[in-house]
Amino acid sequence: MLIAAFSTRAAQDLPWHLGALDSKASAPSAIGTNKIPPGPHPIVVAVIDSGILASHPSLSGQLLPGYDMLSAPNNLRGGRSADFSPDERDARCGQRLISGAFRTHGTEVASLIASNGIYGAYGVNPSAKILPIRLFGACNMSRMDLLDAIAWAAGLSVTGVPDNPNPAKIINMSIAGGLSVCGSDLQRLINRVIEKKVFVVAAAGNNFHKPLPEPANCDGVISVGALDAENHIEVYSALDPRTVLYAPGGGKHLSSEAYWAVNKLMVATYDLDFLGKETSTALERGVGTSFAAPVVAGFISLWLSYNPNKQPSDLYRELPKFLRQVEPLSKCAECVPKGLTANAGIRQP
């Protein structure tokens, strides 16, 4: 059980973004979920990403049947299927070689939401169930792939694809870089999804203090920027008054001697051993708004695990009790950045 595992670990062994367990001070930007066990209701969180490596021990028991939404000719496997695994480490799309970071990206994102604690990677809500949806790989995705992935995640019908038997309550998209203004096609779909009481979380983007791109700039999307461990907005994060929340995203090592100075998120991932073989592990290497977004998705799933019938409008109404100040930047005078901190209100109806 997670609680038992937590109780026997030293505070510095717990991922800093969750908060300390004992009398030691927590990292200033920690979300404070460290002592809040999941509620009785498992929540489905869709991870629309590069695919997930289902064999990782940290995700054992956490994954639902998912889908590969990358269509031909961009899919090296020929087209859409139930195989949601990422492209192989050495896969090529023309001259483009998929990076190891792309291959493990979806696995790392999912671990921040629901990892079971093996190797020291703890999800915000280890009772959450991950719905893996692959959207990109060595080749680029199409816009239709994006729209179909979102629709399928929410339980909407997609032509040529079997219906999703486990519609998500939360959709996490650790992707950014679409249009500078939310396209009407994407906005219409987001509206339909929210009407189904589905929460949509998206990374603000690593565009170095520029405005939000798609999908984070769409109305109703919970856009997430990145903080360092000391509660400063990271230099790479998008900076926009419309950013709903900021969460730990990590970055360069901090000058402090505190245990959180590593300033990278602990993620379940794969690495190459000395023989060049890919091996499951957990590493402090998560950096980016891609990793801040699932921290927020995990937080929302933890809240919903006590209150499964809540909807996005309820979150916005109750959000003030979970907010804390984030140090603003003079570059955006109209920005009032807010972070998350858990309290007993998560369990309240």
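A quick note: this is a predicted structure, and the numbers were derived from the prediction, not measured.

### Quick word on the overall build of the protein chain
No. 1: Helix and strand counts for the protein chain come out as six helices and 13 strands.
No. 2: The C-alpha radius of gyration of the protein chain comes to 19 Å, within 12% of the 20 Å expected for a compact globule of 349 residues.
No. 3: Looking at the protein chain residue by residue over its 349 residues, the buried ones come to 58%.
No. 4: The contacts in the protein chain between residues at least 6 apart in sequence include a share of 67% that link residues at least 24 apart.
No. 5: Split by element, the accessible area of the protein chain, about 13700 Å² in all, is 55% carbon and sulfur.
No. 6: One finds the centroid of the 30 positive side-chain charges in the protein chain at a distance of 4 Å from the centroid of its 29 negative side-chain charges.

### Looking at the packing of helix α2 (residues 100–114) against helix α5 (residues 289–304)
No. 1: Where α2 contacts α5, the two axes come as close as 7 Å, and the packing angle between them is 35°. The interaxial crossing formed by α2 with α5 has right-handed handedness. Counting all contacts with α2, which are made through His105, Glu108, Val109, Leu112 and Ile113, the residues of α5 involved are Ser290, Phe291, Pro294, Ala297 and Gly298.

### A closer look at the side chain of Asn172
No. 1: Within the secondary structure, Asn172 sits in strand β6 (residues 170–173).
No. 2: Ignoring any residue separated from it by four or fewer positions in sequence, one finds Asn172 in contact with Ala46, Val47, Ile48, Val109, Ile113, Val201, Ala293, Pro294 and Ala297.

### Overview of the confidence of the model for the protein chain
No. 1: Overall, the prediction assigns the protein chain a mean pLDDT of 93, with 96% of residues at 70 or greater.
No. 2: This model gives residues 1–12 a pLDDT under 50, and the stretch forms 20 contacts once residues within four places in sequence are excluded.

### With respect to helix α3 (residues 143–153)
No. 1: The element α3 is largely enclosed, with a buried count of nine among its 11 residues.
No. 2: Every buried residue of α3 is listed here: Asp145, Leu146, Leu147, Asp148, Ala149, Ile150, Ala151, Trp152 and Ala153.
No. 3: Residues of α3 that are buried in the fold lie against β1 (44–49), β2 (67–68), β5 (129–134), β6 and α4 (184–195).
No. 4: Gly155 sits one or two residues past α3 and shows a positive phi near 95°.

### Observations regarding the pairing of strand β10 (residues 265–272)
No. 1: Buried residues dominate β10, accounting for six of its eight residues.
No. 2: Here β10 runs beside strand β11 (residues 278–286); their pairing, made up of eight bridges, is antiparallel. From the neighbouring strand, Asp271 faces β11, where its bridge partner is Thr279.
No. 3: Between β10 and β11, which follow one another and run antiparallel, lie five residues, and Gly276 among them has a positive phi close to 80°.

### Description of the layout of surface pockets
Remark: the empty space left among the atoms is shown by a probe the size of a water molecule rolled over them.
No. 1: Volume-wise, the largest pocket comes out at about 610 Å³.
No. 2: Lining the largest pocket are 31 residues, with Phe102, Phe136, Ser174, Ile175 and Ala176 sitting closest to its centre.
No. 3: No other element matches the five residues that α2 contributes to the lining of the largest pocket.
No. 4: Of the residues contributing to the lining of the largest pocket, the split by class is 13 nonpolar, 13 polar and five charged.

### Details of the environment of Asp87
No. 1: Mapped onto the elements, Asp87 comes out in the loop between β2 and β3 (92–93).
No. 2: C-alpha of Asp87 to C-alpha of Cys332: the two residues are 245 residues apart in sequence and 39 Å apart in space.

### Details of the pairing of strand β8 (residues 222–227)
No. 1: For β8, the tally of buried residues reaches six of six residues, placing the bulk of the element in the interior.
No. 2: Sheet topology note: the strand β7 (residues 199–203)/β8 ladder contains three bridges and is parallel. Across the sheet, the residue bridging to Ala202 is Ser223, located in β8.
No. 3: Across four bridges, the pairing between β8 and strand β9 (residues 245–248) is parallel. When the sheet's bridge partners are listed, Leu227 is paired in β9 with Pro248.

Parameters at a glance
- Residues numbered from 1 in each chain as written.
- Predicted model: local features only at pLDDT ≥ 70, side-chain atom pairs only at ≥ 80, totals over all residues.
- Heavy atoms only, no water.
- Helix = DSSP H or I, 4+ residues; strand = E, 2+ residues; numbered from the N terminus.
- Rg over C-alpha atoms; globule rule 2.2 N^0.38 Å.
- Buried < 20%, exposed > 50% of the residue type's maximum accessible area, 1.4 Å probe, protein only.
- Contact = heavy atoms within 4.5 Å.
- Areas by Shrake-Rupley, 256 points an atom, 1.4 Å probe, with all protein chains shown as cover.
- Lys, Arg positive; Asp, Glu negative; His and termini not counted.
- Charge placed at Lys NZ, Arg CZ, Asp CG, Glu CD.
- Axes fitted to C-alpha atoms, helices over the stretch in contact; angles between N-to-C directions.
- Left-handed = near helix turned anticlockwise from the far one by under 90°.
- pLDDT = per-residue confidence, 0-100.
- Pairing = 2+ DSSP bridges.
- 1 Å grid on protein atoms, 1.4 Å probe; cavity = no way out; pocket = protein on both sides within 12 Å on 5 of 7 lines; lining within 4 Å.
- Points joined across faces, edges and corners; volume = space filled by probe spheres on them.
- Nonpolar A, V, L, I, M, F, W, Y, C, P; charged D, E, K, R; others polar.

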